[in-house]
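The lines below spell out each chain.
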Amino acid sequence: MTAPRPATLAVLGSLLALLAAAASRRTLDAALADDGQWVRPAKDLAATRYSSLDQVTAANVKTLRLAWSFDLGVERGEEAAPLVVGDTMYVVTPFPNVLYAFDLTRPGTVRWKYEPTPATEAQGVACCDVVTRGAAYADGLVVFNTLDAHTVAVDARSGREQWKTRLGEIARGETMTMAPLIVGDKVLVGNSGGEMGVRGWLTALDLHSGRLAWRAYSTGPDRDVLIGPGFKPFYTFDQGRDLGVTSWPPEAWKIGGGTVWGWLSYDPELDLVYYGTANPGPWNAEQRPGDNKWTATIFARRPATGEAVWAYQVSPHDLYDYDGVNELVLLDLDLAGRRRKVAVRPDRNGYVYVLDRATGEVLSATPFGHVTTTKGVDLTSGRLTYVDAKKPELGKVVRGVCPAAPGAKDWQPSSWSPRTGLLYIPHQNLCMDVEGVEASYIAGTPYVGSATRMYAGPGGHRGLLTAWDPVNARAAWRITERFPVWSGTLATGGDVVFYGTMDRAFKAVHARTGEPLWRFETVSGIIGQPITYRGPDGRQYVAVLSGVGGWAGAIVSAGLDARDASAALGFAHAMRDLPGATPKGGRLYVFALP
Amino acid sequence: MRAAAVLGLLGALLVLTGCQREQRRFSEVAPASGRPDRLRASGFNPGDRQAPAEFRNPYERNAWAAAEGKRLYAAFNCIGCHANGGGGIGPPLMDPAWIYGGEPVEIYASIVEGRPNGMPAFGGRITDSQAWQLVTYVQSMSGLLRKDVRPSRSDHMSVRPSEQSGTSERRKPPQ
């Protein structure tokens, strides 16, 4: 008998490692399949924000009460969704982006805290408060973006940093505020800075090393946009070579925006990742004649290579800062007697789009808010039709522009209940007066060129929760709110919908009727994303962050002076009474039945 | 005799300050000695030390400089971060609260040297005269300048009360 040779040992070793990896993947898959958890902000890859948990019901939610809470120590806009993986909850704060891990077996206790210490200068290039929309979990790692344009992966057990990759330059106005989406071994992240003359991109990083796998720009030549022979846009106006260059004045695409700061979703069957790009820069549209591709566009891409499969420009040559970054909720619906794989998108421009997610065809586009800027979407050409009288001009004040720049709905994500067939859309009702001004590009400073002043739309209420029926393309019910509903919504198997208001109320309403069922006053206005989970004790919990801010709440979180109607790009004017309704704050709340 | 001399001097002073309001300065030569050598972020003086001599804005009484400052405020994108004084990314400049101080020298330092939480350093990009013109305009936003020096109404959509009506609870405008 001879001793095993080193080579044999090495083979044995790598076999063992493979087995261990497979085992960990299996437990992970089991973990991800458990509906009692919340491992990414949108809950599932289809971005439904629906949990089947049903201990809390429309009948008993009125007895819901505070289980525990925690002061996060950062009083800026708390837009993030908490995550729950196994017996741990993860919460990431606005700048300086502290990541907390809470031990759910001993409610309210911190297991560890990780501080990435982002560059303080980043705060100067964050257009709309220093927010983050949260982290994502996969394979033992918690991954999130820091305001100074880095992506970090932290070991979920120990809180130790595993890798940190710099993706953008704050000196050029790039920040990162979106929550990553993890698909297989790819972490998908995008940049913010559409008001700073940034060139937008979506980037894939390797989950385990943090190394850059691919980057798809939103503007520029086809090779930069990862448009190749497999690219098949549905409409003719989206077809042609290098449209990301030719639909702009010379060189303007290099500072043309199209950032990727919103939501992504993924269909494993079609193997397509869906997301949208933000507004073109500057806002002053006279400085950028052309369609300005691929800004305000929905893309479908292959996660492995980034290759674009189709694209649809929602708002060609955008005139109003209608970013195209809102969530795309992936559903299978019966439309006109046919089962269709669709993506539902309540867009900033005021229309709910139902798209065929295999091809990019628009099946319907129906207004869900008050719209004066456009007449609708031509379903033959696919183009949005603008109203001439509402086109902003240099040196001329155009009034009654609805929806205003934040759109009929901004980043705040909807939820979908398969039980009711309704999409719960949190949104706002704002109009604006706008005047074009000359914008000059100075790297790292705003590139906007527009004077705006916002105010409440018809009815006087500034916020709404609309329960939308995408099959019949109409609202089932609506709730009006005094301030924009800037929080996400959550739909549950107990037929309860949760959302928060900027005047400090966390609310539960009946998923079928909108009937108010329960409310709880928090320390500050709510603009976060509510979630629900099953705790280690087997009970259902509901969690949300309170802390007003974001673009809508900057008047409070950044202490703006609303005597100037143009403060916060004109948003402060519509929110003059918010300081009287809420102080700043930053607190995690967790609720349960008694 | 002495009384006459004093009167004469006073008269000359009046004429001088009166003219300064309308005086246009096209020279790019720094009107003062440029960057003050001691910038302070606090009014405390440990050990009873003397506070350094106050550094004055050479344009304090110059309405033309304030108007120039207003133009530069838009041209250098201050407006993108501070809006028309109400703030956005950067703090409001029309209110009486200051993070780094509302003395001319402190405003000058904020603009030229930048501030750590996101105020870019404009030193090197703008001339010293332009910096002081911006200081003059920033002072006018919160009513820190004499009323006749503040810029008049904007040509654009009116989004804020004119600088003419600005008041500051914290400091009285120089007499």
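Conventions used here
Residues numbered from 1 in each chain as written. Chains lettered and ligands numbered in written order. Predicted model: local features only at pLDDT ≥ 70, side-chain atom pairs only at ≥ 80, totals over all residues. Heavy atoms only, no water. Helix = DSSP H or I, 4+ residues; strand = E, 2+ residues; numbered from the N terminus. Contact = heavy atoms within 4.5 Å. Areas by Shrake-Rupley, 256 points an atom, 1.4 Å probe, with all protein chains shown as cover. Buried area = accessible area lost by both parts, 1.4 Å probe. Salt bridge = Lys/Arg side-chain N within 4 Å of Asp/Glu carboxyl O. Polar contact = N/O pair within 3.5 Å; in protein donor to acceptor, adjacent residues only side chain to side chain. Nonpolar A, V, L, I, M, F, W, Y, C, P; charged D, E, K, R; others polar. pLDDT = per-residue confidence, 0-100. Buried < 20%, exposed > 50% of the residue type's maximum accessible area, 1.4 Å probe, protein only. Axes fitted to C-alpha atoms, helices over the stretch in contact; angles between N-to-C directions. Parallel < 35°, antiparallel > 145°, perpendicular 65-115°, else oblique. Left-handed = near helix turned anticlockwise from the far one by under 90°. Pairing = 2+ DSSP bridges. Disulfide = S-S within 2.5 Å. Core = buried A, V, L, I, M, F, W, Y, C linked by side-chain atoms within 4.5 Å. 1 Å grid on protein atoms, 1.4 Å probe; cavity = no way out; pocket = protein on both sides within 12 Å on 5 of 7 lines; lining within 4 Å. Points joined across faces, edges and corners; volume = space filled by probe spheres on them.

Draft legend 1. Spotlight on the overall build of chain B. In terms of helices and strands, chain B carries five helices and zero strands. In chain B, the order of α-helices and β-strands from amino to carboxyl end is α-α-α-α-α. The long-range share in chain B, meaning contacts at least 24 apart out of those at least 6 apart in sequence, stands at 65%. For chain B, the exposed area adds up to about 9,500 Å²; of that, 58% sits on carbon and sulfur atoms.

Draft legend 2. Quick peek at the interface of chain B and chain A. The partner chain A presents 30 residues to the 27 residues of chain B that form the contact. Three residues stand out in chain B for area buried against chain A, namely Asn77, Ile89 and Met157 of chain B, and they jointly supply 30% of the buried area on that side. One can count zero salt bridges joining chain B with chain A. Applying the counting criterion to the chain B and chain A interface returns 13 residue pairs in polar contact (both at pLDDT 80 or more). Top contributing element to the side of chain B that touches chain A by residue count: helix α3 (residues 78-82) of chain B, with three residues. Looking at the side of chain B that touches chain A residue by residue, the classes come out as 11 nonpolar, 13 polar and three charged.

Draft legend 3. Examining the confidence of the model for chain A more closely. Of all residues in chain A, 94% have pLDDT values of 70 or greater, and the mean over the chain is 95. This stretch, residues 21-29 of chain A, has a pLDDT under 50; its non-local contacts, to residues over four places away or in other chains, come to six contacts.

Draft legend 4. How the structure looks around unusual backbone geometry. All names here are of chain A. With an omega of -5 degrees, the peptide bond between Gly281 and Pro282 qualifies as cis. Looking at the secondary structure, you find Pro282 in the loop between β16 (272-276) and β17 (297-301). The amide bond that connects Lys293 to the next residue, Trp294, takes the cis arrangement and shows omega of 0 degrees. Tracing the backbone shows Trp294 in the loop between β16 and β17. Although it is not a glycine, Thr117 sits at a positive phi angle of roughly 40 degrees. Along the polypeptide, Thr117 turns up in the loop between β6 (109-114) and β7 (136-138). According to the relative accessible area criterion, Thr117 is exposed, its value standing at 64%.

Draft legend 5. Expanded view of the packing of helix α4 (residues 104-113) of chain B against helix α5 (residues 128-141) of chain B. Residue and element names in this part refer to chain B. Interaxial distance between α4 and α5 falls to 9 Å at its minimum, and their mutual angle equals 120 degrees. Accordingly, the angle class assigned to the pair α4 and α5 is oblique. Of the two possible hands of crossing, α4 and α5 adopt the one that is right-handed. Each of Pro104, Val105, Ile107, Tyr108, Ile111 and Val112 in α4 lies in contact with α5, whose residues at this interface are Asp128, Ala131, Trp132, Leu134, Val135, Val138 and Gln139. Its residues assigned to classes, the contact of α4 with α5 shows 11 nonpolar, one polar and one charged.

Draft legend 6. Inspection of the pattern of salt bridges at higher detail. Residue and element names in this part refer to chain A. Counted under the stated rule, the structure contains 44 salt bridges over all chains. We note a salt bridge from Asp332 to Arg357, for which the minimum N-O separation is 3.1 Å. Placement of the pair is Asp332 in strand β19 (residues 329-335) and Arg357 in the loop between β21 (351-356) and β22 (362-367), with a sequence separation of 25 residues. Judged by its relative accessible area of 5%, Arg357 falls in the buried class.

Draft legend 7. How the structure looks around the pairing of β16 of chain A. Residue and element names in this part refer to chain A. Counting buried positions over the five residues of β16 gives five, a clear majority of the element. Pairing of strand β15 (residues 264-267) with β16 involves four bridges; the strand directions are antiparallel. Residue pairing in the sheet places Asp267 in a bridge with Leu272 of β16. As consecutive antiparallel partners, β15 and β16 are separated by four residues, and within that stretch Asp271 has a phi angle of approximately 50 degrees, a positive value. Note: β16 against β17, four bridges, orientation antiparallel. Bridge pairing links Gly276 to Ile298 in β17.

Draft legend 8. Seen up close, the state of the cysteines. Residue and element names in this part refer to chain A. Under the counting rule described, the total for this entry stands at two disulfides over all chains. Two residues share a disulfide in this structure: Cys127 and Cys128, whose sulfurs sit 2.1 Å from each other. Around the S-S axis, the bridge from Cys127 to Cys128 shows a dihedral of about -105 degrees and counts as left-handed. What makes Cys128 buried here is its relative accessible area of 16%. Covalent S-S linkage joins Cys402 and Cys431, the inter-sulfur distance amounting to 2.2 Å. Note on the Cys402 and Cys431 pair: the S-S dihedral is about 110 degrees, so by sign convention the disulfide is right-handed.

Draft legend 9. Spatial organisation of the sheet that holds strand β27 (residues 422-428) of chain A. Residues and elements named next belong to chain A. Taken in spatial order, the four strands of this open sheet run β26-β27-β30-β31, and their pairing is antiparallel. For this open sheet the edge positions go to β26 (415-417) and β31 (474-481), each flanked by a neighbour on one side alone. Put simply, the sheet's adjacent strands are angled 20 degrees from each other on average, direction ignored. Examined bridge by bridge, β26 and β27 share three bridges and lie antiparallel to one another. When the bridges of β27 are listed, Ser417 appears paired with Leu422.

Draft legend 10. Expanded view of the nonpolar core. Residue and element names in this part refer to chain A. Judged by nonpolar contacts, the single largest core of 64 residues is most densely connected at Tyr312, Tyr353, Met502, Trp551 and Phe571. Broken down by element, the residue count for this core peaks at five residues, all from helix α4 (residues 550-557). The contacts of Trp551, once residues within four sequence positions are left out, are Cys128, Trp283, Asp321, Arg348, Ala405, Pro406, Asp410, Met454, Trp486, Ala568, Leu569 and Phe571. With 54 residues, the next largest nonpolar core counts Ala58, Phe102, Trp112 and Ile526 among its residues.

Draft legend 11. Up close: the sheet that holds strand β3 (residues 83-85) of chain A. All names here are of chain A. Strands sit in the order β3-β4-β5-β6 across an open sheet of four strands; the sheet is antiparallel. Every interior strand has two partners, whereas the edge strands, β3 and β6, have only one. Taken over all neighbouring pairs, the strand axes of this sheet differ in orientation by 25 degrees on average, direction set aside. Examined bridge by bridge, β3 and strand β4 (residues 88-92) share three bridges and lie antiparallel to one another. Bridging across to β4, Val84 finds its partner in Met89.

Draft legend 12. Up close: the packing of helix α2 (residues 63-75) of chain B against α5 of chain B. Residues and elements named next belong to chain B. Running from N to C, α2 and α5 cross one another at 95 degrees; their axes reach a closest spacing of 7 Å. Compared by their axis directions, α2 and α5 come out roughly perpendicular. Contacts between α2 and α5 involve Trp64, Ala65, Ala66, Glu68, Gly69, Lys70, Leu72 and Tyr73 from the first element and Gln130, Gln133, Leu134, Thr136, Tyr137 and Met141 from the second. Broken down by class, the residue content of the contact of α2 with α5 amounts to eight nonpolar, four polar and two charged.

Draft legend 13. Structural view of empty space enclosed by the protein. All names here are of chain A. Taken as a whole and judged by the stated rule, the model has three cavities of 30 Å³ or more. Size it by volume and the largest cavity reaches roughly 270 Å³. Computed from the structure, the second largest cavity encloses a volume of approximately 90 Å³. Lining the second largest cavity, in full, are Arg40, Pro41, Ala42, Asp44, Leu45, Ala179, Pro180, Leu181, Gly262, Trp263 and Leu264. Class assignment for the residues of the lining of the second largest cavity results in eight nonpolar, one polar and two charged.

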